[in-house]
Amino acid sequence: MPTTSRPALILLTALAPVSWGTTYAVTTQFLPPDRPLFTGLMRALPAGLVLLALARVLPRGAWWWKSAVLGALNIGAFFPLLFLSAYRLPGGMAAVVGSVGPLIVVGLSAVLLGQRPTARSVLTGAVAAFGVSLVVLKAAGALDPVGVLAALASTASMSTGTVLTKRWGRPDGVGPLALTGWQLTAGGLLIAPVAFLVEGAPPALDGRAVGGYLYLALANTAIAYWLWFRGIGRLSATQVTLLGPLSPLTAAVVGWAALGQALTAVQVAGMALAFGATVFGQIGPRTPPVPVRGVASRGNTVTQRRRRSWPRSPAPVVASRSPRGRAVPAGVPCTVPPPAGRRPTGSGRAVAARSESTG
């Protein structure tokens, strides 16, 4: 199976936050109003069940509780907290708080993954958050403490889930499709009782709402989260999280192109700043090759490039054999006398004849 190149992998992973940036437009234009928990449930649970049917793999052993933890952090707790913060905070503030996710991931990576934070990653995350604030932040009203706490909790939940997904990896023989299905199903089952308890029975759905929920469940959630978790498995956690600002940037572009929302010069400058920081965050420093002793595996080009060629002593060239049958290197005279009672043969006869004539 061909391996995806690094630029292609980054572009495919970036499609996830780009897709999430369309959630606001789809929710406001196609779905019933004031049903954020039901919307989160319809995003997660059907998508998880579809992926489980495609993968046909269930968790085993410790992966039952690991999938539940990851599903709660990435889906089950993240969706309700995100919607709660969006409803209680003035325009764009939830997105601004969410844009500090890369900085949280940098700190958690140092604790859980042993990756030391660099000035480059911290500065890139700060610039991206500042750019997003210029795009979405509006002067409106006072900040609600509950909304701020919900926004911080949702960002911390998703950031922790991203780092733990990177730390735990995947079981042997299990692909990202199954891992995504496990998390979406676990998260959806966690949201279901909360949604019915808070919002009551499901609303009546027309054709537009059904189409909107199908888009959110399949493209916006199943495919998008599969690409996201696939990227986490092959890129660093900081790299993946720095793609997150593409979500509010996409929402701003969709609002301008499809909903007729105007963009000011400050917002355009913020979009350029955030997008530049996102691209810069994907250009990781190259690590120099480290000599690796040992035999390289067949087909492992990285190991073969890193293998050090140790000098070898040339094998001695065998010129002849001694009378006792031992090999004698070239240039070394054979000084071992022949055994008693044995007639010399070959070149030994000539030597014996010369010695008799001279004697």
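### Remarks on the overall build of the protein chain
Counting its regular elements, the protein chain contains 16 helices and two strands. Residues counted as buried form 39% of the 359 residues belonging to the protein chain. Looking at the protein chain alone, contacts between residues at least 24 apart form 81% of all its contacts between residues at least 6 apart.

### Observations concerning the packing of aromatic side chains
Centre-to-centre distance and the angle between the planes together describe a pair of aromatic rings. All chains considered together, the criterion is met by eight aromatic pairs. Where Trp 20 meets Tyr 225, the ring centres are 4.9 Å apart and the plane angle is 40°; that geometry is what we call tilted. With a gap of 205 residues between them, Trp 20 in helix 1 (residues 6–20) and Tyr 225 in helix 11 (residues 207–234) connect regions that are remote in the sequence. Geometrically, the ring pair formed by Phe 78 and Phe 79 is tilted, given 6.0 Å between the ring centres and 45° between the ring planes. Of the two residues, Phe 78 and Phe 79, both sit in the buried class. Over the ring of Trp 63 we find Lys 66, and its NZ or CZ is 5.1 Å from the ring centre. The ring of Phe 280 has Arg 120 lying over it, and the distance from NZ or CZ to the ring centre is 4.2 Å.

### Points about the packing of helix 4 (residues 63–76) against helix 9 (residues 145–168)
For any two helices packed against each other, one specifies the crossing angle of their axes together with the interaxial distance. Contact pair helix 4 / helix 9: the axes reach a minimum separation of 7 Å and the direction vectors enclose 150°. The angle between helix 4 and helix 9 falls in the class roughly antiparallel. Between helix 4 and helix 9 lies a crossing of left-handed hand. When helix 4 is examined against helix 9, the residues Trp 63, Trp 65, Lys 66, Val 69, Leu 70, Ala 72, Leu 73 and Asn 74 are found in contact with a partner set consisting of Ser 157, Met 158, Thr 160, Gly 161, Thr 162, Leu 164, Thr 165 and Trp 168.

### What to know about unusual backbone geometry
Here Asp 34, not a glycine, exhibits a phi torsion of approximately 60°, which is positive. Considering the arrangement of structural elements, one finds Asp 34 in the loop between helix 2 (23–30) and helix 3 (36–55). Judged by its relative accessible area of 56%, Asp 34 falls in the exposed class. The phi torsion at Arg 56 lies on the positive side, around 55°, for a residue other than glycine. As for its placement among the helices and strands, Arg 56 is situated in the loop between helix 3 and helix 4.

### Focus on the pattern of salt bridges
All chains considered together, the criterion is met by one salt bridge. Arg 35 is the salt-bridge partner of Glu 199, the closest N and O atoms lying 3.4 Å from each other. Of this pair, Glu 199 sits in helix 10 (residues 176–199) while Arg 35 sits in the loop between helix 2 and helix 3, and the two are 164 residues apart along the sequence. A single burial state applies to Glu 199 and to Arg 35, both of which are buried.

### A closer look at helix 13 (residues 246–257)
Between its terminal C-alpha atoms helix 13 stretches 16 Å, which fits the 16 Å expected from twelve residues at 1.5 Å a residue. All of the buried residues in helix 13 are Leu 246, Ser 247, Pro 248, Leu 249, Thr 250, Ala 252 and Gly 255. Buried-residue contacts for helix 13 involve helix 1, helix 6 (93–98), helix 8 (119–136) and helix 14 (265–281).

### Side note on the packing of helix 1 against helix 11
Interaxial distance between helix 1 and helix 11 falls to 8 Å at its minimum, and their mutual angle equals 140°. As for how helix 1 packs across helix 11, the hand of that crossing is left-handed. Between helix 1 and helix 11, the contacting residues are Leu 9, Leu 12, Thr 13, Leu 15, Ala 16, Pro 17, Ser 19 and Trp 20 on the first element and Tyr 215, Ala 219, Asn 220, Ala 224, Tyr 225, Leu 227, Trp 228, Arg 230, Gly 231 and Arg 234 on the second. Its residues placed into classes, the contact of helix 1 with helix 11 shows twelve nonpolar, four polar and two charged.

### Describing the environment of Ala 126
Mapped onto the elements, Ala 126 comes out in helix 8. For the pair Ala 126 and Ser 99, spaced 27 residues apart in sequence, the C-alpha to C-alpha distance is 8.8 Å.

### Focus on helix 8
Here helix 8 spans 26 Å end to end across 18 residues, near enough to the 26 Å set by a 1.5 Å rise per residue. For helix 8, every residue scored as buried is listed here: Ser 121, Thr 124, Gly 125, Ala 128, Ala 129, Gly 131, Val 132, Ser 133, Val 135 and Val 136. Residues of helix 8 that are buried make contact with helix 6, helix 7 (101–113), helix 12 (237–241), helix 13 and helix 14.

### Description of the nonpolar core
If you look at the biggest cluster of nonpolar residues, it comprises 29 residues, and the most contacted ones within it are Trp 20, Ile 75, Phe 79, Tyr 225 and Trp 228. Elements that contribute at least two residues to this core include exactly helix 1, helix 3, helix 5 (78–88), helix 10 and helix 11. Each residue touching Trp 20, except ones within four places of it in the same chain, is listed here: Arg 43, Met 158, Asn 220, Ala 224, Tyr 225, Trp 228 and Ser 247. Ranked by size, the runner-up nonpolar core spans 13 residues in total, among them Leu 89, Met 93, Val 96 and Val 132.

### A look at the confidence of the model for the protein chain
Atomic detail in the predicted coordinates should be set aside for any region of low pLDDT. Of the residues in the protein chain, 75% reach a pLDDT of 70 or more, and the chain-wide mean stands at 80. The low-confidence segment residues 286–312 (pLDDT under 50) makes 16 contacts with residues lying over four places distant or belonging to another chain.

### Digging into the side chain of Asn 74
With respect to the helices, strands and loops of the structure, Asn 74 is situated in helix 4. Assessed through its relative accessible area of 0%, Asn 74 is described here as buried. Separated by 2.7 Å, the side chains of Asn 74 and Gln 183 make a polar contact. What Asn 74 contacts, discounting residues up to four positions off in sequence, is Met 158, Gly 161, Thr 162, Thr 165, Gln 183, Tyr 225 and Phe 229.

What counts, and at which threshold
Residues numbered from 1 in each chain as written. Predicted model: local features only at pLDDT ≥ 70, side-chain atom pairs only at ≥ 80, totals over all residues. Heavy atoms only, no water. Helix = DSSP H or I, 4+ residues; strand = E, 2+ residues; numbered from the N terminus. Buried < 20%, exposed > 50% of the residue type's maximum accessible area, 1.4 Å probe, protein only. Contact = heavy atoms within 4.5 Å. Phe/Tyr/Trp six-rings, centres within 6.5 Å; stacked < 30°, edge-to-face > 60°. Lys NZ or Arg CZ within 6 Å of the ring centre and 35° of its normal. Axes fitted to C-alpha atoms, helices over the stretch in contact; angles between N-to-C directions. Parallel < 35°, antiparallel > 145°, perpendicular 65-115°, else oblique. Left-handed = near helix turned anticlockwise from the far one by under 90°. Salt bridge = Lys/Arg side-chain N within 4 Å of Asp/Glu carboxyl O. Expected span 1.5 Å × (residues − 1). Nonpolar A, V, L, I, M, F, W, Y, C, P; charged D, E, K, R; others polar. Core = buried A, V, L, I, M, F, W, Y, C linked by side-chain atoms within 4.5 Å. pLDDT = per-residue confidence, 0-100. Polar contact = N/O pair within 3.5 Å; in protein donor to acceptor, adjacent residues only side chain to side chain.

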